[in-house]
Amino acid sequence: MLTAIGSDGIFDRSGKQIGLIVRLLILCCLPAHCSGQESPAIQFVDRTAESGITFEHFSGRTGKHFILETVTAGVVTFDYDNDGWTDIYLLNGAPLRGGVQEPPPKNRLYKNLGGFRFQDVTDAAGCGDAGFALGGLAADVDNDGDQDLYLANFGGYVLLENDGCGCFHRRNSSNQPRKRIGAGVAALDVENDGDLDLFTANYVNFSFDRDVSRTIFGVPAAPGPKDYPPDQDFLFTNDGSGGWADASASSGIASVPGPGMGVVAFDATGDGRVDIFVCNDSAPNAFWENLGSGKFEENALLVGTAYDVSGAQQATMGVDIADWNHDGQIDVVTTNFIDEIPTLYENSGQGYFDDVGPTVGLGAADRSVTWGLGFGDFDNDSWPDLFIASGHLISGVTALNTSETFEAPNLVLRNEQGRRFEAIPAAGGPLAKAQVSRGVALEDFNRDGLLDALVLNLNDSIQLLENTTESPWAQMSVRLIGTHATRDAVGARVLVKLEDGTELHSVVVRGRGYQGSFGDTLHFGTAGKSVSRVTVVWPSGQDQHIDLDGRPDRCLTVIEPHDGQR
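Predicted model, so just to flag it, every value in this text is computed and none were measured.

Our next topic: the overall build of the protein. Counting its regular elements, the protein contains five helices and 41 strands. Taken over the C-alpha trace, the protein has a radius of gyration of 22 Å; the compact-globule value for 566 residues is 24 Å, and the two agree within 12%. Dimensions of the protein, computed from C-alpha atoms along their principal axes, come out at roughly 70 × 55 × 50 Å. Out of the 566 residues belonging to the protein, those deemed buried represent 60%. Counted over contacts in the protein with a minimum sequence separation of 6, partners at least 24 positions apart contribute 60%. Carbon and sulfur atoms make up 49% of the accessible area of the protein, which totals about 20,400 Å². Looking at charge distribution, the protein has the averaged site of its 39 positive side-chain charges lying 3 Å from that of its 78 negative ones.

The subject of this paragraph is the state of the cysteines. Disulfide: a covalent bond connecting the sulfur atoms of a pair of cysteines. Taken as a whole and judged by the stated rule, the model has zero disulfides. Considering cysteine sulfurs only, C167 is the nearest to C127, which forms no disulfide, with 9.1 Å between them. The class for C127 is buried, based on a relative accessible area of 1%.

Judged by pairing direction, the sheet is antiparallel, and its four strands sit side by side in the order β18-β19-β20-β21 without closing on themselves. Of all strands in the sheet, those with a lone pairing partner are β18 (260-266) and β21 (295-298), marking the two edges. Recorded for the sheet is a direction-independent mean angle of 25° between the axes of neighbouring strands. As judged from the four bridges shared by strand β20 (residues 286-292) and β21, these two strands associate in the antiparallel manner.

Here the protein is partitioned into domain 1 (49-467) and domain 2 (475-559). The straight-line distance from the C-alpha centre of domain 1 to that of domain 2 is 23 Å. Contacts between the two partners involve 65 residues from domain 1 and, on the opposite side, 32 residues from domain 2. When domain 1 packs against domain 2, close to 3,200 Å² is buried across both sides, 54% of that on carbon and sulfur atoms.

Moving on: the sheet that holds strand β7 (residues 117-120). Taken together, four strands build an open sheet; the order of strands is β4-β5-β6-β7 and the sheet is antiparallel. The two strands at the open ends of the sheet, each matched to only one other strand, are β4 (75-78) and β7. Averaged over all adjacent pairs, the angle separating strand axes in this sheet is 25°, with direction ignored. With three bridges joining them, strand β5 (residues 87-90) and strand β6 (residues 108-114) adopt antiparallel strand pairing. For I88, the partnering residue across the bridge sits in β6 and is Y110.

For the rest of this paragraph, the subject is the nonpolar core. If you look at the biggest cluster of nonpolar residues, it comprises 39 residues, and the most contacted ones within it are F154, I181, F206 and F266. Broken down by secondary-structure element, the contributors of at least two residues to this core are α2 (67-71), β18, β19 (275-280), α5 (300-303) and β22 (319-322). When residues are assigned to domains, this core turns out to be shared by domain 1 (49-467) and domain 2 (475-559), each giving three or more. Aside from chain neighbours lying at most four places away, what touches F266 is V274, D275, I321, I330, V332, V507 and V509. Core analysis: the second largest hydrophobic core is formed by 34 residues, L137, L159, V478 and L548 among them.

Before going further, it helps to examine the packing of aromatic side chains. Two aromatic rings, taken as a pair, are described by how far apart their centres are and by the angle between their planes. Throughout the structure, instances matching the rule amount to 17 aromatic pairs. Taking the centre distance of 5.3 Å and the plane angle of 80° together, the rings of W371 and Y514 count as edge-to-face. Placement of the pair is W371 in strand β26 (residues 370-376) and Y514 in the loop between β37 (503-507) and β38 (522-525), with a sequence separation of 143 residues. Like W371, the residue Y514 is buried in the burial classification. Ring pairing ties together the aromatic residues F66, F154, F206, F208 and Y228, which thus form one cluster.

The tally for this structure, following the rule as stated, stands at 21 salt bridges. The salt bridge involving D123 is made with K106; its shortest N-O contact spans 2.7 Å. Here D123, found in helix α3 (residues 122-125), pairs with K106, found in the loop between β5 and β6; they are 17 residues apart in sequence, far enough to count as distant. One salt bridge connects D320 with R512, and the closest N-O pair in it is separated by 2.8 Å. Here D320 is found in strand β22, whereas its partner R512 is found in the loop between β37 and β38, with 192 residues between them in sequence. The two residues D320 and R512 agree in class, both being buried. Each of R47, E50 and E466 takes part in salt bridges that share partners, so that together they form one network.

Here is what the cut-offs are and how they apply
- Residues numbered from 1 in each chain as written.
- Predicted model: local features only at pLDDT ≥ 70, side-chain atom pairs only at ≥ 80, totals over all residues.
- Heavy atoms only, no water.
- Helix = DSSP H or I, 4+ residues; strand = E, 2+ residues; numbered from the N terminus.
- Rg over C-alpha atoms; globule rule 2.2 N^0.38 Å.
- Buried < 20%, exposed > 50% of the residue type's maximum accessible area, 1.4 Å probe, protein only.
- Contact = heavy atoms within 4.5 Å.
- Areas by Shrake-Rupley, 256 points an atom, 1.4 Å probe, with all protein chains shown as cover.
- Lys, Arg positive; Asp, Glu negative; His and termini not counted.
- Charge placed at Lys NZ, Arg CZ, Asp CG, Glu CD.
- Disulfide = S-S within 2.5 Å.
- Pairing = 2+ DSSP bridges.
- Axes fitted to C-alpha atoms, helices over the stretch in contact; angles between N-to-C directions.
- Domains from an automatic or database assignment.
- Buried area = accessible area lost by both parts, 1.4 Å probe.
- Core = buried A, V, L, I, M, F, W, Y, C linked by side-chain atoms within 4.5 Å.
- Phe/Tyr/Trp six-rings, centres within 6.5 Å; stacked < 30°, edge-to-face > 60°.
- Salt bridge = Lys/Arg side-chain N within 4 Å of Asp/Glu carboxyl O.

So this is what it looks like as structure tokens:
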């Protein structure tokens, strides 16, 4: 059913009206359910075998244990052909130091056919980059209505521009004086000018002639981040006309190097400007506060995100954000090394964060090295749960410590109504499978209203998990299209108000988890309660209010209004 909420004009980037549209809320109606019952058991079924995804990750496999072989990559999910189904882009490694692998490994794009069936369209789409990929995202960097790909490789950064006809074109690649180990990436609008800029974290200053060989009590192991100098991060600004400028030095981003990994960019301080959180491995995290006028200042110590609650630096790997406790503030969760409790930096709303991870049950994940992660409401009870990927760095770690293993099961932690998290039992299901996992993406791949999970594994096939939770509750998904803002509406905030006054908050980001990107469409579980209003706070500061008819289940596409219309 389509319901026209109002009409508006189509304008080009200069403001000239070029046509008329109807601003639509697309209502995907499902049966309404009542609330007042306990959350159902969260369950997954492994759909990898029948999915058609034959990708296998390749780390380099040199036997030399180079540091970049262990960190692997994230995953990218997005709708590359605008057909309404979420597609999958899998990042791959490459041969190192003259090595040969047949067939040559490359990144792979899988088109979603529905019903957990996917088709490899890499060659037809021209996006099979053969670089050593470590991080990536999809975003509409040229505001033309389709999603482009940005990759952080070992050796350079690659932009693959989507032509809107199902093909990608390698538009440019950065030229750096030396090869860098790229890591997490984020697309953000630094100055709220309507053009997406690109932030890239870099890991360490590595080169093959400076390689560090290490054994631990005779067991071969990759070197760690402290064996190399930390590297600086990069910021590339978009002039809106196809040109890019390296603003790393002028913005201040290059002033504080760090062994960067996962990245997320959002307005953490509530001043209307997008800040950048960077996971640093075995070093204090970075928090780049946006001061305006294209300037950033590293303030992690001041805002409370540099260290964990004990004052220790962590080997921070991945990061995601959500309002985990319904207090209206966007909180930050990270993953890290074994024997380190994941941090949950709770946002005070007053410009600082407190790590509450140990007190809310995240210690359930401290017996694994953890990497990819994502907040997602798996049972639609309105409380964001956590999916955490696990797997060690050292293949022979059990010889060093019999309580540790190279492969480890991944974890799902249920959010107990904003009080704490509880690990759900694996009970012989797909979550009990021990793997060496890295990247994670959470999406509703089959459009049944439940969030599914995709996991990238080191030197192995992926794992695709269908959420089969028997939830009696519906969800609301919200997709935004910017006009004054970037077309992806990056930085916009969405508030869903339920009939009982509960407010659910989320924010549009590009780049999250472990060196990947997912969740372009925002997902809200409603716990069977009707929705009274949706409010969008656009990056300009303008509020758009949409009053609804009380049904709890719908999919909304909201277009930013012009000329002060709401």
